[in-house]
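Close look at the chain arrangement
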Amino acid sequence: MNAYRLSILGTATLMLTACASTAPLRFQSTEQISDLLIEQDKATIERQLGEPRSMEQVGPNTWEWRYHSDTVQHKNTQQGKCELIITFESNDPVKAVVNSTEYSPFVHELKTCNELVKSLK
């Protein structure tokens, strides 16, 4: 029975160590992502993130673009969801809202959003 318990404990320790030893993420807060998006222009954002899931005109010169993490390829079971809502006045972003939800308590709270915006410079 002791060998069984040690085996279970060893497996659990290895799993926790593997989760904890992942590479550090580029963005640690939603504000960092928002700030970087607002520094870009419309063409740069589209070139780096691709075509948004939806584009909606919300005013005479105001557009909202939405990006969702379900467009990220090679997702794994530890990913959650991320949504970016970028508001443009003409070609300039004036507001960027980042909504992030991770489904696993063992991953960083912005893991999925980091995957979605990994091509931003």
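A brief report on the enclosed structure follows. (Residues numbered from 1 in each chain as written. Predicted model: local features only at pLDDT ≥ 70, side-chain atom pairs only at ≥ 80, totals over all residues. Heavy atoms only, no water.)

As summarised here, the arrangement of the four strands in space is 1-2-3-4, forming an open sheet in which the pairing is antiparallel. The open sheet has two edge strands, strand 1 (54-59) and strand 4 (92-101), and neither has a second partner. Taking the axes of each pair of neighbouring strands and ignoring which way they run, one obtains an average angle of 20° across the sheet. Inspection of the sheet shows strand 1 paired to strand 2 (residues 62-68) by five bridges, in the antiparallel sense. The residue bridging Glu56 from the neighbouring strand is Glu64, located in strand 2. On top of the sheet, helix 2 (residues 30-39) reaches strand 3 (81-89) and strand 4; it is set at about 155° to strand 4, its chief contact. (Pairing = 2+ DSSP bridges. Helix = DSSP H or I, 4+ residues; strand = E, 2+ residues; numbered from the N terminus. Axes fitted to C-alpha atoms, helices over the stretch in contact; angles between N-to-C directions. Contact = heavy atoms within 4.5 Å.)

For the structure shown, the criterion picks out three salt bridges. Linking Arg66 and Glu64 is a salt bridge whose minimum nitrogen-to-oxygen distance equals 3.3 Å. With relative accessibility at 24%, the residue Arg66 sits in the partly exposed group. When the shortest N-O distance is used, the salt bridge between Glu115 and Lys118 registers 3.4 Å. Judged by relative accessible area, which is 30%, Glu115 ranks as partly exposed. Ionic contacts of the salt-bridge type, sharing partners, join the residues Glu64, Arg66 and Glu83 into one network. (Salt bridge = Lys/Arg side-chain N within 4 Å of Asp/Glu carboxyl O. Buried < 20%, exposed > 50% of the residue type's maximum accessible area, 1.4 Å probe, protein only.)

For Ser90, which is not glycine, the phi dihedral falls at a positive 60°. Relative to the helices and strands, Ser90 is located in the loop between strand 3 and strand 4.

Attention now goes to the state of the cysteines. Taken as a whole, this structure holds one disulfide when the rule is applied. For Cys82, the disulfide goes to Cys113, at an S-S distance of 2.0 Å. The S-S bond linking Cys82 to Cys113 shows a torsion near 100°; that makes this disulfide right-handed. With Cys82 in strand 3 and Cys113 in helix 4 (residues 111-116), this residue pair connects regions lying 31 residues apart in the sequence. (Disulfide = S-S within 2.5 Å.)

Before going further, it helps to spend a moment on the pairing of strand 4. As paired strands, strand 3 and strand 4 are joined by nine bridges and run antiparallel to one another. Bridge pairing links Ile85 to Val97 in strand 4. Count of turn residues in the strand 3/strand 4 antiparallel hairpin: two residues, of which Ser90 carries a positive phi of about 60°.

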